[in-house]
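Summary of structural features
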Amino acid sequence: TLHDRLANLAHSLAAREERLQTAERAWQVRLTAAGFADEADYLAACLSEESRTALQQQARQLADEQTEWLAREREKRTHWAVEQAKRLTEQSRPELDQTITRLVAEQRALQQAIGGIRQRLSDNARQQQRRHAQIQSLAAQQQECQRWERLHELIGSADGKKYRNFAQGLTFEVMIGYANRQLLKLTDRYLLIRNERQPLDLNVIDSYQGGEMRSTRNLSGGESFVVSLALALGLSHMTSRRVQVDSFFLDEGFGTLDAESLGTALDALAGLHREGKLIGLISHVPAMMERIDTQIRVMPQTGGHSLLSGPGCSRSRADWLAAMESGKR
């Protein structure tokens, strides 16, 4: 099979070689007839595809322009013949030349006047732009002035009191927020808010009375105690970044509280104790001594001295008297 294919290929190659020689002789005849010495001379004379395309486009453009100019020429000749037939004037050529000269001078004068008007319009446009920029700048300054006036109304005063009240009000607002968190742990009845007329005064919202707003001045003893304790806890929370407050000693005049207020106060303190706070109470109220298990009693003695009894007080009375006689504290 391969030998057969090889023979076929050789036969095809011989036939093509014969056609190639015939084509080369015809090619040489055409080169000679066209005036070329050889193929290299022909290739050197050939233009590139881009050049031929550009020349063809240029030829088409020139042909279009020629057609357009011929059409315009015919149109102008026709128009000239029509106008010449009208005979619009009887003036001679010199008279027409004088008239044209005069009109040209008037045209120049009008053009100069138009140029001056355009210059004035340009100056006016620049002035309008400058005025618009000034208006915008004035509006921005007015807005800034209004902002400073508003700031002056809020915190400005000759003695600085208004600013102090403003700054204190910000801190007071933060402390009220902390105090309300603590107050919610003590009781669900009250909520502290700032007085709108006196920003550094407190009002109390009583949820047990339909959300009525009350002044702190008309709170009962137990209510005042709970509110004061919440404020103290809120203030201690504000300083918790620097100082950890885990213990309290209270001497709030428990003897002035009625039974219900005293129960409310003790319940609040018991809740703090359950949270891990160490609370010390200084009081002589019997009801408190019944509620508090861990006590240190102070018993007055003669000569202005007292005895302590309770947890941590282990020294006997005889030892204490001996220490007092020796001047020890």
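Scroll up to find the structure.
To keep things clear, this report deals only with the structure shown in the data block.

Conventions used here
Residues numbered from 1 in each chain as written. Predicted model: local features only at pLDDT ≥ 70, side-chain atom pairs only at ≥ 80, totals over all residues. Heavy atoms only, no water. Helix = DSSP H or I, 4+ residues; strand = E, 2+ residues; numbered from the N terminus. Buried < 20%, exposed > 50% of the residue type's maximum accessible area, 1.4 Å probe, protein only. Contact = heavy atoms within 4.5 Å. Areas by Shrake-Rupley, 256 points an atom, 1.4 Å probe, with all protein chains shown as cover. Expected span 1.5 Å × (residues − 1). Patch = residues over 30% accessible without salt bridge, like charges linked within 9 Å, V, L, I, M, F, W, Y side chains within 5 Å. Salt bridge = Lys/Arg side-chain N within 4 Å of Asp/Glu carboxyl O. Lys, Arg positive; Asp, Glu negative; His and termini not counted. Charge placed at Lys NZ, Arg CZ, Asp CG, Glu CD. Core = buried A, V, L, I, M, F, W, Y, C linked by side-chain atoms within 4.5 Å. Pairing = 2+ DSSP bridges. Axes fitted to C-alpha atoms, helices over the stretch in contact; angles between N-to-C directions. Parallel < 35°, antiparallel > 145°, perpendicular 65-115°, else oblique. Left-handed = near helix turned anticlockwise from the far one by under 90°. Nonpolar A, V, L, I, M, F, W, Y, C, P; charged D, E, K, R; others polar.

Along its length, the protein carries nine helices and seven strands. Scored against the burial criterion, the 329 residues of the protein give a buried share of 16%. Here the analysis covers contacts within the protein between residues at least 6 apart in sequence; of these, 41% occur between residues at least 24 apart. Of the roughly 26,300 Å² of accessible surface on the protein, a fraction of 54% belongs to carbon and sulfur atoms.

Taking 1.5 Å per residue as the helical rise, helix α5 (residues 161-186) with its 26 residues ought to reach 38 Å, and the 35 Å between its terminal C-alpha atoms agrees with that figure. Considered for burial, the residues of α5 that qualify are G169, F172, M175, I176, A179, N180, Q182, L183 and L186.

On to a negative patch on the surface. A contiguous patch of negative charge on the surface is contributed by E17, E24, D38, E39 and D41. Every element with two or more residues in the negative patch is listed here: α1 (2-34) and α2 (39-45). Tracing the chain through its elements places E24 in helix α1. Taking the relative accessible area as the measure of exposure, E24 reaches 45% and is therefore partly exposed.

Within the secondary structure, N203 is located in strand β2 (residues 202-206). Sequence-distant contacts of N203, defined by excluding residues within four places in its chain, comprise L191, L192, I193, N195, M213, R214, S215 and T216.

In this structure, L186, L192, F225, L229 and L231 are the most contacted members of the largest nonpolar core, which totals 24 residues. Among the secondary structure elements, those contributing two or more residues to this core are α5, β1 (190-194), β2, α6 (221-238), β4 (247-250) and α7 (259-274). If sequence neighbours within four positions are ignored, L229 has contacts with L186, L250, A268, L269 and L272.

A word on the sheet that holds β2. The pairing of strands in a sheet comes from backbone hydrogen bonds and takes either a parallel or an antiparallel form. As summarised here, the arrangement of the three strands in space is β1-β2-β3, forming an open sheet in which the pairing is antiparallel. For this open sheet the edge positions go to β1 and β3 (212-215), each flanked by a neighbour on one side alone. Ignoring which end each strand starts from, the neighbouring axes of this sheet average 35° apart. The sheet contacts of α5 involve β1 and β2, and relative to β1 the element is tilted by about 175°.

Since the α-helix packs 3.6 residues into each turn, any two residues three or four apart lie on the same face. Over its 18 residues, α6 extends 26 Å from the first C-alpha to the last, a length consistent with the 26 Å expected when each residue adds 1.5 Å. Where α6 is concerned, the buried positions are G222, E223, F225, V226, V227, L229, A230, L231, L233, G234 and S236.

Residues Y163, F166 and L170 make up a contiguous nonpolar surface patch of about 310 Å² in total accessible area. Inspection of the secondary structure puts L170 in helix α5.

Tallied over the full model, the rule gives nine salt bridges. The partner of R93 in a salt bridge is D97, and the shortest N-O contact between them spans 3.4 Å. Here D97 and R93 lie together in helix α4 (residues 93-155), a separation of four residues that amounts to about one turn. Judged by relative accessible area, D97 falls into the partly exposed class, the value being 35%.

Take the pairing of strand β6 (residues 297-300) next. Look at any regular strand and the pattern is simple: side chains alternate between the two faces of the sheet. Where β6 and strand β7 (residues 306-309) come together, four bridges link them in antiparallel fashion. Bridging from a neighbouring strand, M299 pairs with L307 of β7.

For the pair α5 and α6, interaxial distance at closest approach is 7 Å and the crossing angle is 120°. Here α5 lies oblique to α6, going by the angle between them. Considering only the axes of α5 and α6, their crossing is right-handed. The residues of α6 that touch α5, namely those facing T171, V174, M175, Y178, A179, Q182, L183 and L186, are V226, L229, A230, L231, L233, G234, L235, H237 and M238. Class assignment for the residues of the contact of α5 with α6 results in 13 nonpolar, four polar and no charged.

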